[in-house]
Every structure is written in structure tokens, then in C-alpha cells.
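# Analysis of the macromolecular model
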Amino acid sequence: SVEDKSFYHHLGFDIPRIGKALITNFLNNTRQGASTISQQYIKNMFLTFDQTWSRKIEEAFLTIELEVHYSKDNILEGYLNTINYGEGNYGIEDASKYYFNKSSKDLTLEEAIMLAGIPKNPSNYNPVSDYDACIKRAWVVADAMKKNGLLNEEEYNNLFQSEIPIYGKRDENNSQMIMYYQDAVLTELNNIKSVPNSLLDSGGLKIYTTLDKEVEATLESTILSYMGNQTELQVASIIVEPTTGKIKALSGGLNYAKSQYNRATKAKRQVGSTMKPFLYYAALENGLVSSSTFKSEQTSFHFANNQIYSPNNYNQIYANKDITMAAAIAYSDNIYAVKTHLFLGTDVLVETAKKVGIKEKLTGNPSLALGTSELNMLDFAHGYTTLANGGDEIEPYFIEKVEDLEGNILYEHKEKHNIVLNSNYVYILNEMMTSTTNSAYVDYTTPTALNIAGNLTHKYALKTGSTNTDYWIVGYNPDRLMMMWMGYDDNQFVDGSIRNSSKKIWATTIEQSLENIGDSWYELPKNVVAIPLDAVTGKPTNDVNKATLYYYVKGTEPGVSREQYVMNEEKKQED
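Procedures and definitions
Every chain is numbered independently, its residues counted from 1 as its sequence is written. Per-residue local features are limited, in this predicted model, to residues with pLDDT of at least 70; the limit for side-chain atom pairs, both in listing and counting, is 80 or more; totals at the level of whole chains, interfaces and linings are taken over all residues. The side-chain quantities take in all heavy atoms of the structure and omit both hydrogens and water. Excluding any residue in a salt bridge, patches collect residues exceeding 30% relative accessible area, merging like charges within 9 Å and nonpolar Val, Leu, Ile, Met, Phe, Trp and Tyr side chains within 5 Å. A 1.4 Å probe and the Shrake-Rupley method give the accessible areas. Residues count as covered only by the protein chains that appear here. Here a salt bridge means any side-chain nitrogen of Lys or Arg lying within 4 Å of a carboxyl oxygen belonging to Asp or Glu. Labels follow the DSSP assignment, with helices taken as runs of H or I lasting at least four residues and strands as runs of E lasting at least two, numbered in each case from the N terminus. Three labels apply to residues, based on accessible area from a 1.4 Å probe with only protein chains included: buried if under 20% of the type maximum, exposed if over 50%, partly exposed otherwise in between. Two strands qualify as a pair provided DSSP detects at least 2 bridges between them. Here a residue-residue contact requires only that any non-hydrogen atoms of the pair lie within 4.5 Å. Within this scheme, the nonpolar core is defined by two criteria: the residues are buried Ala, Val, Leu, Ile, Met, Phe, Trp, Tyr or Cys, and they are joined through side-chain atoms within 4.5 Å. Two rings from Phe, Tyr or Trp (for Trp, the six-membered ring) form a pair when their centres sit within 6.5 Å of each other. Planes less than 30 degrees apart are called stacked, planes more than 60 degrees apart edge-to-face, and all others tilted.

### Quick notes on a nonpolar patch on the surface
Residues Ile 57, Phe 61, Ile 64 and Val 68 make up a contiguous nonpolar surface patch of roughly 420 Å² in combined accessible area. Take Ile 57: it is sitting in helix α3 (residues 53-69). A relative accessible area of 46% places Ile 57 in the partly exposed class.

Given below as C-alpha cells:
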């Protein structure tokens, strides 16, 4: 009724409809179509969507062949089993199971009418993307059926009197979140120039992705086990293989059927203290060492024009003594971070962020070290992948390869490596970031992730970060990087229970994702040495419970003068 009301009577072409469309297009300067179901089926299966005469002539000949060799019922069956119904569903059976959790033969009249309306604009008229738009389109279908005598007045008036339940899941893994991954894939696909736009909506592409279904399923099941009853709290997460940049799993929200907004690829949020590792890498590169100290105490910073900046530590906890850089990472001490940031110069962190692959334009203000700038998770994960990859900048990606229906390769991912950081300093930073789960740092306060240390069987560089409205956790080793955010879309306050849930989800997910991979850590560079020192003060100690290993580039360790270090460097260059 709505796509091709003369389908059972024409020979593949609706001549009166074509004539009407030509006149309308000429008078109104529009591009109104008049394709029959037979023509659409041929176009979907064998042709591109290019509006060229050669394509239209080829379509006409193939349509005649189709009409000669197949019955109308066969053609309609083929069309219904291949048409795009949105949300990655091609064919009415898949669509029926996805949207309504039933076979197409069991659809109600209302459900069938809703599905009939989707192919006109699959991305906008499906009930998951926009329920109201879907129902509005369904009324267009119902009006056509009524005019064609296929619905009587009573049937028509009884339609859509109450909201139709939408399922919005796939049976193979019952996933509520995998569609966020698919949306990210399609966004990347749209940016690949070697894949013609005319093919993107045809269903005539084979797209090979970096998705690991088991890791994706683990991510989703773990999130739901901790957050299943939440109605407003949201979550976004990304899991990357650092050495390649392959994105193994992603979630952009708690339930795709309820909200299609992809927080992992589209949202920008303040990242809090998860910005600090980039600051401390810059500090190492500019002459500070892992045991360099600043005093942790309540501090106000005075600037020109009587500007005063007074950051606070979480829960107003201060050491009121000198602490090391490694300890500052363990406790996420804000005063130490701002002092380091101002000592280096605020532009240094901006340049470091750019160097590791973060594309967002940052402003070098005093609070940048505390993550007050808003970043997108995918962009931020790019920067962290550089740290997890030993200083080798490699961009995370979703698509391995794209082929057309005949197996011709339209696109194939090629890894691009770019060494941007000093591997010695990256190694030292990664070791310092293990302090967040190290009990040797228990002192005036405890490390930020110590409560999940007992859940971890692998070694991780780990950092947490929080603002009043956001909670982040990111950790990695050579095999896995997992970044996670929790918060509310309307910027409600996040409390301690959210922080704890996020850490537990992170620990459970990354541990399970590494079950069959084994345990690995970064190889100690030849130019780096380790010295046991007091965890908090960085001074020699005989207390084994307080001692931990501090790492230094040879010549910068305690007891070596600056002059001796310079001499050693000159000698190495001569050698």
C-alpha cells in the first residue's frame, strides 16, 4: 500500500507513477522517486545508489529479468528479506525479533504496520531511534491501507491507542549495548573516503571490525550486574588492545533501546585527575624525577590582576609535609599536581596532550592539571594508548577491512606508528601509576584504588579521576587498556557508591578480558634503574612495609649529582 500499491499488477515498472514523478520533479525542481518494489530489490542486491543514466538502464534490464523469472510472491519475499529496517537489521525476520522479540509471522497488525513504515528512512523511522517518528510514519502506512480498502474504519480507529512495547535487543547475546559499538563503526565508515557514499545504505558491504564479542559481552554483563536497577545513572567504556589500537569493546550507555546517545564517542566530560599522568610524564621529561617532592598542604596560588586559585584535595585531606611524585599519583594529590603544572609552565601540559594524540584544543590554565577541560572518551583513550604503548602513538580504530559484495577490498586498515615519547620516562610513569593499588603508600590516607587491589591478578598502571559530576577510571598493561566513565547526563552529583561500583566494574571486566592472554608487563629499559625507598618521602628506609621501588634514568637517581649526570650523558654520546 505505501511503497508500491500496483505491485501485483505491473510488470516491474509503474508507468503512471513514473510520469507523475517526472512532471512533479520538473515543476518543483525536486528528485521524487517512483521505484517499484522490484526495482528497489534489484538496487539493494546488485547495484549502487548512484543517480546516473547507466545505473538506471542497468536497473531496468535487471528488473525485467527478475519479473520474467520469478513470481510476484517470490520477489516480495526476497525484498522483505533484504531491505534495511534500521539498527543493523536487514530483513523482516531480523527486524521483528530485534524490535518486538517475535517471529515476523507472529506480528500484530500494529507491529507489522510499524515495520512497513521503516524502509522509507531506516535510521529515523525505527522505534528505537525515535518512537514518535516511527508511529507518525506508521499512520501514513495505515492511511494508505485504509484508502486501498485493506483496513476498515473500526480497525483504523483502534490503531496505536496505547504505546507498543519495544524490545530492542539481539537474541544471540541479548545485548543492550553492542549497538553503541555498531554506531561507532558506522561513524568511522562514513569517514573512509575510499568507500563510496552510495554504498553505505545499500547493505552491500562486508565490514570486518576489531570487535571481540566475548570481551563486549563481559563488559555488558559486568556493568549490568552492578547497575542493572539504575534508571538515570549512565556509563561509557572503551577497551583497547594498546599495541595495535584495536577497539575490542565499547559501551556508550546503559541501554541502547532507551537512549541511543553514544557517550563514548560523542559526549565531552571533565576528566578530573585522569589528566595527571600526562602532566607527570612532562615533569619527568623536564628534569623532575619520581621522588621529586612538593609539600601537600592547603594552598592558594596568586596571579596577576589579583587572581587567586585555591584548589582542594579530595575530602580536604593533606599530608602537610613533602611527598613524592609517585605518592602524589597514589593519592591523586591536587596541590602537588598544580605546583608541578605551574613549575613547568601551563603550556607544557597542552603540548604533551597534543603530542600523545589528544585532538581536543586545550587551554593552558592553572586548573588544566586537574582535568577541568572537557574531553571526548575516544579522543582521551587515544592519548592513553600512547602511554600504554610505551610512547608509540597509535590511533584506536574499529574497522579492519571493507569489501563489496564481490569481495573487492574497498578499504583495509594500515597501522601508523609514531614514536612521540621517551620510552624511559614512559616506563617510569607506568611504574609510578601502579602506586594507586600499592599498600606501601598507606600513610595519612590510602591510595585511590587500594580497595580493588585484592581483585587484581595482573599488574596495571592505573589512575582514577573525579569531579562533582563525573567519575573516571583508566588502567592498562601491554595487553589491555580499559577506560570507563560514570555519571548523569544532567550533571547530578556523583557520590562514593558510584566511585566504588566503577572501580569494581573496571577490575572485573579487565581481569576477565585477560583470562586467556597471560600476564605481561613492560620490559625494564637498559637505561633505567630501580632503588628501594620510602614510598611517601622517597628517602632510604629499613621498614620493608613502607619501602617500594622508585625508578630513575641512570644518572638521575639519589646520590648522583647533576654535574655527574651531565658528564655521564656526554660520555654516553661519545661512546
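### Focus on the pairing of strand β11 (residues 399-404)
As paired strands, strand β1 (residues 205-209) and β11 are joined by five bridges and run antiparallel to one another. Bridge assignment links Leu 205 to a residue of β11, and that residue is Asp 404. Hairpin geometry of β11 and strand β12 (residues 409-412) is characterised by an intervening segment of four residues between the two adjacent antiparallel strands and by a positive phi of about 85° at Gly 407.

### What about the pattern of salt bridges?
Following the criterion strictly, the structure yields 18 salt bridges and no others. With its nearest N and O atoms 3.6 Å apart, the salt bridge here joins Asp 106 to Lys 105. For Lys 105, a relative accessible area of 68% puts it in the exposed group. The residue Glu 403 makes a salt bridge to Lys 401 at a minimum N-O spacing of 3.3 Å. Here the salt bridges share partners, and the residues they tie into one network are Lys 321, Asp 443 and Lys 546.

### Side note on the environment of Lys 146
Mapped onto the fold, Lys 146 is located in helix α8 (residues 131-147). Judged by relative accessible area, Lys 146 falls into the partly exposed class, the value being 30%. Along the sequence, Lys 146 and Ser 1 sit 145 residues apart, while their C-alpha atoms lie 9.0 Å from each other. Leave out the neighbours within four places in its chain, and Lys 146 touches Leu 151, Glu 153 and Tyr 156.

### Digging into the nonpolar core
Soluble, globular proteins show a tendency: their nonpolar side chains are buried together. Judged by nonpolar contacts, the single largest core of 148 residues is most densely connected at Phe 380, Tyr 384, Met 483 and Trp 506. For Trp 506, the contacting residues outside a window of four places in its chain are Ile 452, Leu 456, Tyr 460, Leu 462, Ile 473, Val 474, Gly 475, Tyr 476, Met 482 and Met 484.

### Topic: the packing of aromatic side chains
Using the criterion set out here, one finds 20 aromatic pairs in the structure. A centroid spacing of 5.0 Å and a plane angle of 80° characterise the contact between Tyr 180 and Tyr 256, whose relative ring orientation is edge-to-face. Taken as a pair, Tyr 180 in helix α10 (residues 178-190) and Tyr 256 in the loop between β3 (246-251) and β4 (268-270) lie far apart in primary sequence, 76 residues in all. Residue Tyr 180 is classed as buried on the basis of its relative accessible area of 0%. Judged by relative accessible area, Tyr 256 falls into the buried class, the value being 3%. Plain terms: the ring middles of Tyr 427 and Tyr 551 are 5.6 Å apart, the flat faces sit at 75° to each other, and that makes the pair edge-to-face. Taken together, the residues span a long stretch of sequence, with Tyr 427 in helix α18 (residues 423-432) and Tyr 551 in strand β18 (residues 547-553) at a distance of 124 residues. Judged by relative accessible area, Tyr 427 falls into the buried class, the value being 7%. Cluster of aromatic residues (ring-pair linked, three or more members): Phe 278, Phe 380, Tyr 384, Trp 472 and Tyr 476.

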